[in-house]
Amino acid sequence: MDDTEKTTSAMDYSSPVEERPEGVSKKAWKRLKKANMREIAKKTKVEVAAREGESSTMNTTETREETREPAVEMLRPGLVVVRRISSRASEEAIVAKFLEIGNHPTDGFYETDADGNRKLNSTLTRGRIYRELAFYGDEATDWILEHCAKAVRLARAADPAMPAMVPDHALLLYYSTNRGIKEHRDVGANDGEGDAPIVSFNFGKSVVYRVRMSKEEEKTDVHLDPGDVILFGGPARMIYHSVKICRDSSSPYPKLLPDRMNLTLRYAPSILGREEEFRTFKPADIYWKNRKEVK
Ligand SMILES: O=C(O)CCC(=O)C(=O)O
Ligand SMILES: [Fe+2]
């Protein structure tokens, strides 16, 4: 069991947000509650087993690797990494689903130019989907809500400065090469409201995630493997971040996804119904939009 988990009571396994957010359907919300109840039961079982001395090896790294038990690292207040959020099988299943969604001829990662050539829709090497959760369908929404709740719960147990968050939007990015993303802050209306955390899942290749609170600060490198999640909220919500994708063939499922995919979850109720405006953002659009906001 993880150190941070030892002190948590079963109550911490309920969703930190009791109210159903607007972007989440009643059906999906019911399923999330059920999933949380399943976790409470699972957790209680582990606690009982630990008390009875049946799981004395639970803390060893070896056991963690075998079972892919999550581990939590607080890097600074509001900035937390949750490693190994799910089983590899569950991760591969959701990656396959996201690739299927991303392959859609008009609503996925690609667009067709005037000459009829299919190309990625954000940059030459990046495909992008930004939509409300319902767009991704029941199966993906279930996975998203369940794993986001787990990441937020674990992060909050380790870091009192991390606010609660239930997502209503998901950004899905596909990177076809080792080119990552330049340093920026998530400041747009579609990037989320208040200091609720951005919850960002890494799939496929490993990355070096570079962070700093201000331009004066030295950058800190955080290595993220597939299945790891980084959260930034509260005092770290406006952190500068960039991504350098590892050159090696680090994807554990090279046939399925030899490249990289990122899933970023956000609470952005103010733009519900206006997703079309944010659907085909290209880096140059962000620049002009931010300029307009400053004016
Ligand atoms: O790909 C990533 O991990 C980061 C993406 C990102 O920071 C963004 O889209 O704002
Ligand atoms: Fe970002």
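Note that the structure is a prediction, hence the values are computed from the model and not measured.

Quick notes on the rules
- Every chain begins its residue count from 1, and numbering advances along the sequence as written.
- Written order decides the labels, with chains lettered from A and ligands numbered from 1.
- Totals for whole chains, interfaces and linings use all residues, but because this is a predicted model, local features are given only for residues with pLDDT of at least 70 and pairs of side-chain atoms are given and counted only at 80 or more.
- Side-chain numbers here rest on the full set of heavy atoms in the structure, without hydrogens or water.
- If DSSP finds at least two bridges between two strands, the strands pair.
- A helix here means a DSSP run of H or I that spans at least four residues, while a strand means a run of E at least two residues long, and both kinds are numbered starting from the N terminus.
- Orientation is described by lines fitted to C-alpha atoms, with helices fitted over the stretch in contact, and by angles between N-to-C directions that extend from 0 to 180 degrees.
- The rule for donors is simple: an N, O or S atom within 2.8 Å of the metal counts, and for Na, K and Ca the reach is 3.2 Å. Water is not among the atoms, so a site may look short of donors.
- Only protein chains enter the area calculation, which uses a 1.4 Å probe; residues under 20% of their type maximum are buried, those over 50% are exposed, and those in between are partly exposed.
- What qualifies as a polar contact is a pair of N or O atoms within 3.5 Å, subject to a donor-acceptor requirement within protein and to the restriction that residues adjacent in sequence count only when both atoms come from side chains.
- Contacts are assigned to residue pairs with any non-hydrogen atoms lying within 4.5 Å of each other.
- UniProt positions are given in the numbering used here, feature names are shortened, and annotations may be inferred rather than shown by experiment.

1. Concerning the sheet that holds strand β10 (residues 220-224)
Paired through backbone hydrogen bonds, the strands of a sheet run either parallel or antiparallel to each other.
Item 1. Read from one edge of the open sheet, 4 strands run β7-β12-β9-β10, paired in antiparallel fashion. Where the open sheet ends on each side, the last strands, each with one partner, are β7 (181-184) and β10. Across this sheet, the average inter-strand angle for adjacent strands is 20°, counted without regard to direction.
Item 2. Pairing geometry for strand β9 (residues 207-212) and strand β12 (residues 240-245), over 6 bridges, is antiparallel. Looking at the pairing, Tyr 209 lines up with Val 243 of β12.

2. What to know about the coordination of the iron ion (ligand 2)
Item 1. Here the iron ion (ligand 2) is held by the protein donor atoms His 184 (NE2), Asp 186 (OD) and His 241 (NE2), which lie 2.1 to 2.2 Å from it.
Item 2. As a motif over one chain, the donors of the iron ion (ligand 2) read H-x1-D-x54-H. Of this pair, Asp 186 sits in the loop between β7 and β8 (198-204) while His 241 is found in strand β12, placing the two residues 55 residues apart along the sequence. Accessibility classification places Asp 186 together with His 241 in one group, the buried group.

3. As for the pairing of strand β5 (residues 126-132)
Item 1. Most of β5 is tucked away, with 7 of its 7 residues classed as buried.
Item 2. Here β5 pairs with strand β6 (residues 169-175) via 7 bridges, running antiparallel. Bridged to Tyr 130 within β6 is Leu 171.

4. Some points on the side chain of Thr 264
Item 1. By the element assignment, Thr 264 lies in strand β13 (residues 260-266).
Item 2. According to the relative accessible area criterion, Thr 264 is buried, its value standing at 5%.
Item 3. A polar atom in the side chain of Thr 264 sits 2.7 Å from the side chain of Asn 262.
Item 4. Apart from residues no more than four positions distant in its own chain, Thr 264 is found in contact with His 169, Ala 170, Leu 171, Ile 198, Val 199 and Ser 200.

5. Points about the UniProt feature "binding site: Fe cation" (unreviewed entry) in the chain
Item 1. In the numbering adopted here, UniProt assigns the feature "binding site: Fe cation" (unreviewed entry) to His 184, Asp 186 and His 241. A maximum C-alpha distance of 8.7 Å among these annotated residues, which run over 58 residues, shows that they cluster at one spot.
Item 2. Tracing the backbone through its elements, the reader meets His 184 in strand β7.
Item 3. Taking the relative accessible area as the measure of exposure, His 184 reaches 24% and is therefore partly exposed.
Item 4. For His 184, the contacting residues outside a window of four places in its chain are Ile 239, Tyr 240 and His 241.
Item 5. At a separation of 2.8 Å, a polar atom in the side chain of His 184 contacts the main-chain carbonyl oxygen of Lys 182.
Item 6. Residue classification places His 241 among the buried residues on the basis of a relative accessible area of 3%.

6. Concerning the sheet that holds β8
Item 1. Ordered by their spatial adjacency, 7 strands build an open sheet running β1-β2-β11-β8-β13-β6-β5, and the pairing between neighbours is antiparallel. The sheet is open, and its two edges are formed by β1 (71-76) and β5, each paired on a single side. Direction aside, neighbouring strands of the sheet carry axes that sit 15° apart on average.
Item 2. Where β6 and β13 come together, 7 bridges link them in antiparallel fashion. If you follow Leu 173 over to β13, its bridge partner there is Asn 262.
Item 3. Packing against the sheet, helix α5 (residues 137-158) makes contact with β1, β2 (79-83), β6, β8, β11 (229-232) and β13, and its axis sits at approximately 115° to β8.

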